[in-house]
Every structure is written in structure tokens, then in C-alpha cells.
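Chain and residue survey
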Amino acid sequence: MKILFLVYHGFSEVSGISKKIHYQVKGLRESGHEVHLCSYGFAANGHRCRYIDDEVLADYGTGVMAGIRQRTEYDRLFDYCLLNGIEFVYARCFQNANPWLIRFFKRLKKAGIHAVTEIPTYPYDDEFKGFEWKMRLGLKIDQLFRRSLYRYMDAMVTFSDAEEIFGQCTIRISNGVDFDSIPLHKGERIDTGDRALHLIGVAEVHAWHGFDRLVAGIGEYVKRGEMRDEMREVFFHIVGGVHPNTMKNVFEPLIEKYGIKDRIIFHGQLFGEALDDVFNQCQFAIGSLGRHRSGITVIKTLKNREYATRGVPFIYSEQDSDFDHQPYVLKAPADESPIDIRQIIDFMDRFSMKPEDIRKTVEHLTWKIQMQEVINQVSMK
């Protein structure tokens, strides 16, 4: 099948979203499909451009009008689909429904070209709380037009259990993994005794990751340990971007309150060997601990699957049927309570599963298998 994978933004080598998209494309190609990746970004001369496989499809120039054109002009993309025999368009939601995008997908449907849109998280409206006004305005526009847009899809692709999204039926899959790009964990396991426990959380940090619950948990653990004169050394390594406001208003007050500056390590964005090195220092990983803050109960996050692929045990608070009953998973309550660090320590003191055995449990979650499920269901429509 000839497929256009449509993304409404550009890519970054340190972005987990960017990596995921390239792995999805790779998975489709591994199943024998011809896939062309359409994205948007800036050329070396500063021009706003739409690309197909790194070749410029449309150059919108610079300035305010260029920004408007890139949001409203889809004629050349439609012509590309017709001229190149595209049979299926896989789009990734960017909360950008508008009349021009509706027209584009309406024309695709009339031309007999199948289309789906992936909703990375659902529901997503509450994720915009506290964002700047421009992003909240964009959400309002999306809310006005999204049901009309998705009428022209064959289905919505979701990582939730929702059977219908914005009036359209869903294809429910899991976030996938790419085994070639994720190395097996090589660090040492924690033993009983007085050895330090190193925890790692990898994310572009937002409120729904709930890392502040883990920081507060370490603070409470330190406070109780000092009173009893018995305490295991526990460190939390945060890898990924943290907005200055989040650092100032969320993390710094907690760190100062408990006096745990030396126990919370902010590494910033890492990838490749630098990321692997930090992982190998750590014995336990932190998934999302605050999805309830954005109204999400059920979700199959990418991070859980990446942790399992590395062979690292982890904790999270949402519902995820792929992992809820796995022996290498610790479930946290979906509330605002500090994470119980003693529970993690006790869990790890008893834990003996090898990284390669954890990795085997997610062999069915490769992107090749997950993306082919989308193709199979669309083909039946």
C-alpha cells in the first residue's frame, strides 16, 4: 500500500515524539508498505516549508502571511496524493482542526483515499490548563471544527479504550517499541542492605507526569528516616526538558522544603549513549503519576513500553492493560499523595527478574505489529 504519513510539525533528535513517528514509519515499511513522510518546518534560509521525505513540497516564504499559508494551503499536498497514487493517509493529531484541513480530507475521501487520525492522548482538553493564551485559543478553534473534520476519516487511532472519539469510531492499539533503537539495561540490581537506589524519569515534563509526587515522596522518606535514624540513599534522575515556570513553582519549593537538592538530579535532554549511561546508573523507572490531572484514566503510554523494552521495572498510576498485572510493575494511586518510597525500596529488595526477561514480555508490541493492525482494520472498511 502507498501511504502518506502526515505530521503538522517538524522533528528534533532529542524529542520522544519525533523518534516515535520515525519508528512508526519504519514499522509500516517493515510490513512492505511504501511510506512517504510529510512534515512542516523551517528551511536553512528561514522559509516555512512543507516537506515530503526531506524534499520541499511547498515553500511558504517568511513573515505573517507565510504562517497563515502553511495552516491553510493543502492544495499541493492533495495534488501530490493524486499524482503519486497515495492510497492511505495516516495523520497525527496536532489539535489543529480548521475549515481548510476539513476541505483537504473531504477531497481525499471523495477521491477514494482512506484516512485516519491518531490521537496521541485522549481526552486532551485538560492538558491545556495553564498554557499560554495562544495555545488555548488554538484549542478553542480545534474544538469548533474537530467533529466536522473527523467525519471524513475512516477511523480514529487511539491508545485508550475509547470506542468512539469526536463522533468517529476508533481503532485501538498500543504504543509500540522499536527493539533496534532501545538497548537492554546493563546496570546492577539493587540488593538488600544499605546500597543507594537510583530512580529515573524520562519526559518533557508536564503536570500529568506527576514527577512532583515522586520528589515529595523522597522528601517525606528523608524526613521520616531522619527521625528514625534509618534511611536508604535514594536519588531521582529527571531526564528531559523542564519549563522554567515548572522548575520555579513546582520543583524548587519542594526541594527547598525538604532539603533534598542533592537527591534530585536534572540532566536536561539526553539521547543516545548519554541517555543509556544514565539509565544504567539507575535501577527503577518512573512513569506517569499524574494522568488524573488531565482527566485521563486509561492510556497506553510510550514511556511504559520503552522502560519494559530496556528491561527496567517501573511505577505508574494510570490503567494500562498491557502492564497492570506484570510482576515488574508497581502501581501508584491516581491521586495527589506523595509516592511511598519505602514501598519502592521493599519492591526492589525482593525483585529478581532479569532485564532480558522483562523485554520478552513486550515482543508483541513492536511498531510493525501495531501499525499493521491499523492497516488491517482500515482495509476491512
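In what follows, the structure referred to is the one given above.
Residues numbered from 1 in each chain as written. Predicted model: local features only at pLDDT ≥ 70, side-chain atom pairs only at ≥ 80, totals over all residues. Heavy atoms only, no water.

A separate point is a nonpolar patch on the surface. A cluster of nonpolar side chains, namely V64, M65 and I68, defines an oily patch on the protein surface of about 300 Å² accessible area. Within the secondary structure, V64 sits in helix α2 (residues 64-72). (Patch = residues over 30% accessible without salt bridge, like charges linked within 9 Å, V, L, I, M, F, W, Y side chains within 5 Å. Areas by Shrake-Rupley, 256 points an atom, 1.4 Å probe, with all protein chains shown as cover. Salt bridge = Lys/Arg side-chain N within 4 Å of Asp/Glu carboxyl O. Helix = DSSP H or I, 4+ residues; strand = E, 2+ residues; numbered from the N terminus.)

On to the nonpolar core, then. The biggest cluster of nonpolar side chains holds 54 residues, and the ones touching the most others in it are L214, F236 and I344. Broken down by element, this core gets its largest block of residues, seven residues, from helix α6 (residues 211-228). Residues in contact with L214, not counting those within four places in the same chain, are L199, F236, I286, L289, I339, I341 and I344. Grouped together as the second largest cluster of nonpolar side chains are 34 residues, C81, Y152, M153 and A162 included. (Core = buried A, V, L, I, M, F, W, Y, C linked by side-chain atoms within 4.5 Å. Buried < 20%, exposed > 50% of the residue type's maximum accessible area, 1.4 Å probe, protein only. Contact = heavy atoms within 4.5 Å.)

It is worth spelling out the sheet that holds strand β4 (residues 55-61) at this point. Working definition: the strands of a sheet are paired by backbone hydrogen bonds and lie parallel or antiparallel to each other. Reading across from one edge, β4-β3-β2-β1-β5-β6-β7-β9-β8 is the order of the nine strands in this open sheet, with mixed pairing throughout. Each end of this open sheet is capped by a strand with a single partner; those strands are β4 and β8 (164-165). Where strand β5 (residues 88-92) lies against strand β6 (residues 114-119), five bridges are found, and the strand directions are parallel. Note that in β6 the partner of F88 across the bridge is H114. (Pairing = 2+ DSSP bridges.)

Here strand β3 (residues 48-52) runs beside β4; their pairing, made up of five bridges, is antiparallel. Its bridge partner lying in β4, R48 is registered against G61.

All right, on to the side chain of D154 then. Along the chain, D154 falls in the loop between α5 (133-150) and β7 (155-158). This buried residue, D154, is left without a salt bridge; K109 holds the nearest opposite charge, at 5.4 Å. At a separation of 2.9 Å, a polar atom in the side chain of D154 contacts the side chain of H114. Among all residues touching D154, those that are not within four sequence positions of it are H114, A115, V116, Q168, C169 and K381. (Lys, Arg positive; Asp, Glu negative; His and termini not counted. Polar contact = N/O pair within 3.5 Å; in protein donor to acceptor, adjacent residues only side chain to side chain.)

A separate point is the sheet that holds strand β14 (residues 314-316). Strand order in the open sheet formed by six strands is β12-β11-β10-β13-β14-β15, and the pairing between neighbours is parallel. Of all strands in the sheet, those with a lone pairing partner are β12 (264-268) and β15 (329-331), marking the two edges. Each strand of the sheet is rotated relative to its neighbour by a mean of 25°, with strand direction disregarded. Bridging between strand β10 (residues 197-202) and strand β13 (residues 284-286) involves two bridges; their strand directions are parallel. By the bridge assignment for β13, I200 is matched with A285. Its contacts with the sheet place helix α8 (residues 273-281) against β10, β11 (234-239) and β12, and it is angled at close to 140° to β10. (Axes fitted to C-alpha atoms, helices over the stretch in contact; angles between N-to-C directions.)

Looking now at the packing of helix α4 (residues 99-110) against α5. Where α4 meets α5, the closest approach of the two axes is 9 Å, and the angle between their N-to-C directions is 5°. Here α5 runs roughly parallel to α4, going by the angle between their axes. Every residue of α5 that contacts α4 at P99, L101, I102 and F105 is listed here: F145, S148 and L149. For the contact of α4 with α5, a count of residues per class yields six nonpolar, one polar and no charged. (Parallel < 35°, antiparallel > 145°, perpendicular 65-115°, else oblique. Nonpolar A, V, L, I, M, F, W, Y, C, P; charged D, E, K, R; others polar.)

A complete count under the given rule lists 18 aromatic pairs for this structure. Over the ring of F279 we find R310; its NZ or CZ atom is 4.0 Å from the centre of that ring. (Phe/Tyr/Trp six-rings, centres within 6.5 Å; stacked < 30°, edge-to-face > 60°. Lys NZ or Arg CZ within 6 Å of the ring centre and 35° of its normal.)

According to the stated counting rule, one finds 25 salt bridges in the structure shown. The salt bridge involving R305 is made with D322; its shortest N-O contact spans 2.8 Å. In this pair, R305 sits in helix α9 (residues 302-310) while D322 sits in the loop between β14 and β15, placing the two residues 17 residues apart along the sequence. The partner of R342 in a salt bridge is D346, with the nearest N and O atoms 3.4 Å apart. One end of the pair is R342 and the other is D346, both in helix α10 (residues 341-350) and four residues apart, which spans about a single turn. Judged by relative accessible area, R342 falls into the partly exposed class, the value being 29%. A network of salt bridges, in which partner residues are shared, links K300, R305, D320 and D322.

Moving on: the environment of P99. Tracing the sequence through the fold places P99 in helix α4. Each C-alpha atom, one on P99 and one on W133, is 21 Å from the other, the two residues being 34 residues apart in sequence.

Within β11, six of the six residues are buried, leaving the element largely enclosed by the surrounding structure. Side chains V234, F236 and I238 project from β11 onto one buried face, and the interleaved F235, H237 and V239 project onto a second face that is buried too. Of the pairings in the sheet, the one linking β11 to β12 comprises four bridges and is parallel in character. Bridged to V239 within β12 is G268. Remark: the β11/helix α7 (residues 244-258)/β12 crossover connection has right-handed handedness. (Right-handed = clockwise from strand over helix to strand, strands pointing away.)

Right, let's talk about the state of the cysteines for a bit. According to the stated counting rule, one finds zero disulfides in the structure shown. We note that C38 lacks a disulfide partner, and the nearest cysteine sulfur, in C81, lies 8.1 Å from it. C38 gets classed as buried once you look at its relative accessible area, which sits at 0%. Left without a disulfide partner, C169 is nearest to the cysteine sulfur of C93, which lies 16 Å away. Residue C169 is classed as partly exposed on the basis of its relative accessible area, which comes to 30%. (Disulfide = S-S within 2.5 Å.)

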